[in-house]
Amino acid sequence: MGASKMNFLNRQASGCHWLRQYRSGLVFLLMLTSSLTFSGAQAANLTPAEFKQLQEIQALQTEARWLEVKTLVQAQLSPEDSSKQVSRLMQAMLWRALAQAELQEADYAKALTAIRNAWQLKQLPEADQLNLQGLLAQLMIQQDELYQGILLFEDWLAKTPEDQQQARHYLTLAQAYSQQESWSKALPNAEEAVKRHESAPVSWLALLVGLHTRLEQWPQAVNVQKRILIQQPRQMRHWRQLAMLQYRLPTDERKDAVNPEAVASLRIAWQQQLFDRTNDYQLLSQWLNANGQPLKAAQVLADAQQQPVFTALSEEQQLVVAEQLAGLWLRAKSWGKAEQSLQQVASHTAVKDNPERSAELYKQIARLQMQQKKWQVAGETLNTLLAEYPADPAEVLLLQGIVLLQQEQVAAAEGKFQLAEQSVDPDSDKYVGKNARQWLRYIEQIRS
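Computed from a prediction, not measured in an experiment: that's the story for all the values here.

Per the secondary structure count, the protein chain includes 25 helices and 0 strands. A fraction of 57% describes how many contacts in the protein chain between residues 6 or more apart in sequence connect residues 24 or more apart. Element-wise, carbon and sulfur atoms account for 48% of the exposed surface of the protein chain, whose accessible area totals about 23000 Å².

Shown next, in the form of structure tokens:
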């Protein structure tokens, strides 16, 4: 298997592609109340002026007039008259109201500052403080304050009753630990999130696959990937990922063979006509060939040539596929199809512009025609070859002699063998000269 293909497999199985930054999709599990409510005990600790101000803010919140909420709160937090300092309880409630307004406008950095200030004042009831802690932890994680954010969130989760703990809480921790590349800590949280969800979405399962992959837990990764395929069986990327993971599984096959489970997965995807890249066909073909099935490998690659993805390739890329296919037909001893594939190769511009390469190809085509006992066609090919590529003619003359002999044109064959012997380059065509002499002796024997 080529180095480039192995690198491709390593990238796929390493799980690099699944890890995402979750900033844009952060789900706030603990939202502040839709309006600034406060208990009778809190109201008793506020001055009449503070109580009135909070009522004004509450009215604005109810009408979703968030810009006005921000303006009013900021004015209260930074009064022009320094003698009008507000109480610590009032500060906490104002900061909480400001945080809600910032969240509504998706300004998470400012919301984080406001919530941190409200939480650190420790003036709100225990339930409200815990609510703020959970949201503060999530915002810290979202703003890359991962270490402290994770500690706060784990503490919040430990203080939250079991019946209030949700799958998404554990998903948040799994994502946060993933951002730290703490795979072994992320994994149990991802597993718990999936366990607590009745039907975990594909993105959650993909995270779990990625974590198993990072920890090189290939059997577990394969099992979860199969769950993904149950949900989205027509997505080629999931079949591709499953095959790459199965490729990593230990196998009892010979050392250079590919795990049969990986091959089977790709074959199922191929049979369901899910392949959407030429690379998919090439990889399955390569794996089948490695497992001693060159005929099936050739059939897959021949199918690729009929697909729209193949016609979209550059001529150079199409040439690579044609050469691969020709080699597979040869290995499968399908001489006629090998001949057709070599004709395809010979028709490419890159080959036509290389006389030495073209000559070798047509020699190979002629040999295949001879293998099929197509003597007339082989003779025509060799005549064309000798006319268009006259350099180093010894081997072509030898082949012409064999074709003529098979057509019972003994005298003409003898002349070709003699010319072949005379045209031999001592440094490169010694075997041609030896073969020519053997054929000449054979002719002498049949004449006598």
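There's more to say after this.
The next thing to look at is the packing of aromatic side chains. For the structure on display, the rule yields 6 aromatic pairs. When the centroid spacing of 5.2 Å and the interplanar angle of 40° are considered together, the rings of Phe 153 and Trp 156 count as tilted. Residue Phe 153 and its partner Trp 156 are located together in helix 8 (residues 146-159), separated by 3 residues, close to a single helical turn. Summarising the burial analysis for this pair, Phe 153 and Trp 156 share the class buried. Taking the centre distance of 5.4 Å and the plane angle of 10° together, the rings of Tyr 247 and Trp 287 count as stacked. Of this pair, Tyr 247 sits in helix 13 (residues 236-247) while Trp 287 sits in helix 15 (residues 278-290); the two residues are 40 residues apart in sequence, bridging distant segments of the chain. Judged by its relative accessible area of 0%, Trp 287 falls in the buried class. An aromatic cluster of at least three residues, connected via ring pairs, comprises Phe 417, Trp 439 and Tyr 442. Lying over the aromatic face of Trp 119, Lys 122 brings its terminal NZ or CZ to 4.4 Å of the ring centre.

Another aspect to go through is helix 16 (residues 294-304). Turning to helix 16, its buried residues are Pro 294, Ala 297, Ala 298, Val 300, Leu 301 and Ala 304. Down the axis, helix 16 shows its buried residues gathered within 160° of arc, on one side only. Those residues of helix 16 hidden inside the fold are in contact with helix 14 (260-271), helix 15, helix 17 (308-311) and helix 18 (315-331).

Moving on, we come to the confidence of the model for the protein chain. Scored by pLDDT, the protein chain has a mean of 87; 88% of the residues are at 70 or more. Between residues 1-36, whose pLDDT stays under 50, and residues either more than four places distant or in other chains, the model counts 88 contacts.

Counting residues in each nonpolar core, the largest one holds 109 residues, and the members touching the most others are Val 73, Leu 94, Ile 115, Leu 266, Phe 275, Leu 284 and Trp 287. Per element, the largest residue contribution to this core is 10 residues, and it comes from helix 5 (residues 88-104). If you look at the next biggest cluster of nonpolar residues, it comprises 25 residues, including Leu 385, Ala 394, Phe 417 and Ile 443.

Right, let's get into a negative patch on the surface. A surface patch of negative charge is lined by Glu 356, Asp 392, Asp 425 and Asp 427. Tracing the backbone shows Asp 392 in the loop between helix 22 (375-388) and helix 23 (394-406). Relative accessible area serves as the criterion here: at 40%, Asp 392 is assigned to the partly exposed category.

Contact pair helix 16 / helix 18: the axes reach a minimum separation of 8 Å and the direction vectors enclose 150°. If you check the angle between helix 16 and helix 18, you find them roughly antiparallel. Here the hand of the crossing between helix 16 and helix 18 comes out left-handed. Across from Pro 294, Leu 295, Ala 297, Ala 298, Gln 299, Leu 301 and Ala 302 in helix 16, the residues of helix 18 making contact are Val 321, Gln 324, Leu 325, Leu 328, Trp 329 and Arg 331. Here the residues of the contact of helix 16 with helix 18 sort into 10 nonpolar, 2 polar and 1 charged.

On inspection of all chains with the given rule, the structure shows 19 salt bridges. With a closest N to O distance of 2.0 Å, Glu 323 and Arg 357 form a salt bridge. Placement of Glu 323 in helix 18 and of Arg 357 in helix 21 (residues 355-371) is noted, with a sequence separation of 34 residues between them. In this structure Arg 357 comes out as partly exposed when scored by relative accessible area, which is 29%. Residue Glu 414 is joined to Arg 447 by a salt bridge in which the shortest nitrogen-to-oxygen separation is 2.8 Å. Here Glu 414, found in helix 24 (residues 410-423), pairs with Arg 447, found in helix 25 (residues 430-447); they are 33 residues apart in sequence, far enough to count as distant. A single network of salt bridges, built from pairs that share partners, joins Glu 360, Lys 363, Arg 367 and Glu 395.

Another aspect to go through is the environment of Leu 397. One can find Leu 397 in helix 23. For Leu 397 and Leu 382, which are 15 residues apart along the polypeptide, the C-alpha to C-alpha distance reads 8.2 Å. If we ignore the near neighbours within four places in the chain, the residues touching Leu 397 are Leu 386, Lys 416, Leu 419, Ala 420 and Ser 423.

A few words on helix 15. Look at helix 15: 18 Å from first C-alpha to last across 13 residues, which is about the 18 Å you get at 1.5 Å a residue. Among the residues of helix 15, those classed as buried are Thr 278, Asp 280, Tyr 281, Gln 282, Leu 283, Leu 284, Ser 285, Trp 287 and Leu 288. With its phi angle positive at about 80°, Gly 292 sits one or two positions after the end of helix 15.

On to unusual backbone geometry. Phi angles above zero are rare outside glycine, and Glu 216 is one such case at about 55°. Positioned with a positive phi, Lys 373 is a non-glycine residue whose angle comes to about 60°. Residue placement: Lys 373 occurs in the loop between helix 21 and helix 22. Residue classification places Lys 373 among the exposed positions, given a relative accessible area of 61%.

Looking now at the packing of helix 8 against helix 9 (residues 167-179). Look at helix 8 against helix 9: their axes get within 10 Å of each other, and the N-to-C directions meet at 160°. Comparing their axes, helix 9 and helix 8 come out roughly antiparallel. The handedness of the crossing between helix 8 and helix 9 is left-handed. From helix 8, Leu 146, Ile 150, Phe 153, Glu 154, Trp 156 and Leu 157 reach across to helix 9, where they touch His 169, Tyr 170, Thr 172, Leu 173, Ala 176, Tyr 177 and Gln 179. Considered class by class, the residues forming the contact of helix 8 with helix 9 number 9 nonpolar, 3 polar and 1 charged.

So, how was this worked out
- Residues numbered from 1 in each chain as written.
- Predicted model: local features only at pLDDT ≥ 70, side-chain atom pairs only at ≥ 80, totals over all residues.
- Heavy atoms only, no water.
- Helix = DSSP H or I, 4+ residues; strand = E, 2+ residues; numbered from the N terminus.
- Contact = heavy atoms within 4.5 Å.
- Areas by Shrake-Rupley, 256 points an atom, 1.4 Å probe, with all protein chains shown as cover.
- Phe/Tyr/Trp six-rings, centres within 6.5 Å; stacked < 30°, edge-to-face > 60°.
- Buried < 20%, exposed > 50% of the residue type's maximum accessible area, 1.4 Å probe, protein only.
- Lys NZ or Arg CZ within 6 Å of the ring centre and 35° of its normal.
- Arc of directions from axis to C-beta.
- pLDDT = per-residue confidence, 0-100.
- Core = buried A, V, L, I, M, F, W, Y, C linked by side-chain atoms within 4.5 Å.
- Patch = residues over 30% accessible without salt bridge, like charges linked within 9 Å, V, L, I, M, F, W, Y side chains within 5 Å.
- Salt bridge = Lys/Arg side-chain N within 4 Å of Asp/Glu carboxyl O.
- Lys, Arg positive; Asp, Glu negative; His and termini not counted.
- Charge placed at Lys NZ, Arg CZ, Asp CG, Glu CD.
- Axes fitted to C-alpha atoms, helices over the stretch in contact; angles between N-to-C directions.
- Parallel < 35°, antiparallel > 145°, perpendicular 65-115°, else oblique.
- Left-handed = near helix turned anticlockwise from the far one by under 90°.
- Nonpolar A, V, L, I, M, F, W, Y, C, P; charged D, E, K, R; others polar.
- Expected span 1.5 Å × (residues − 1).

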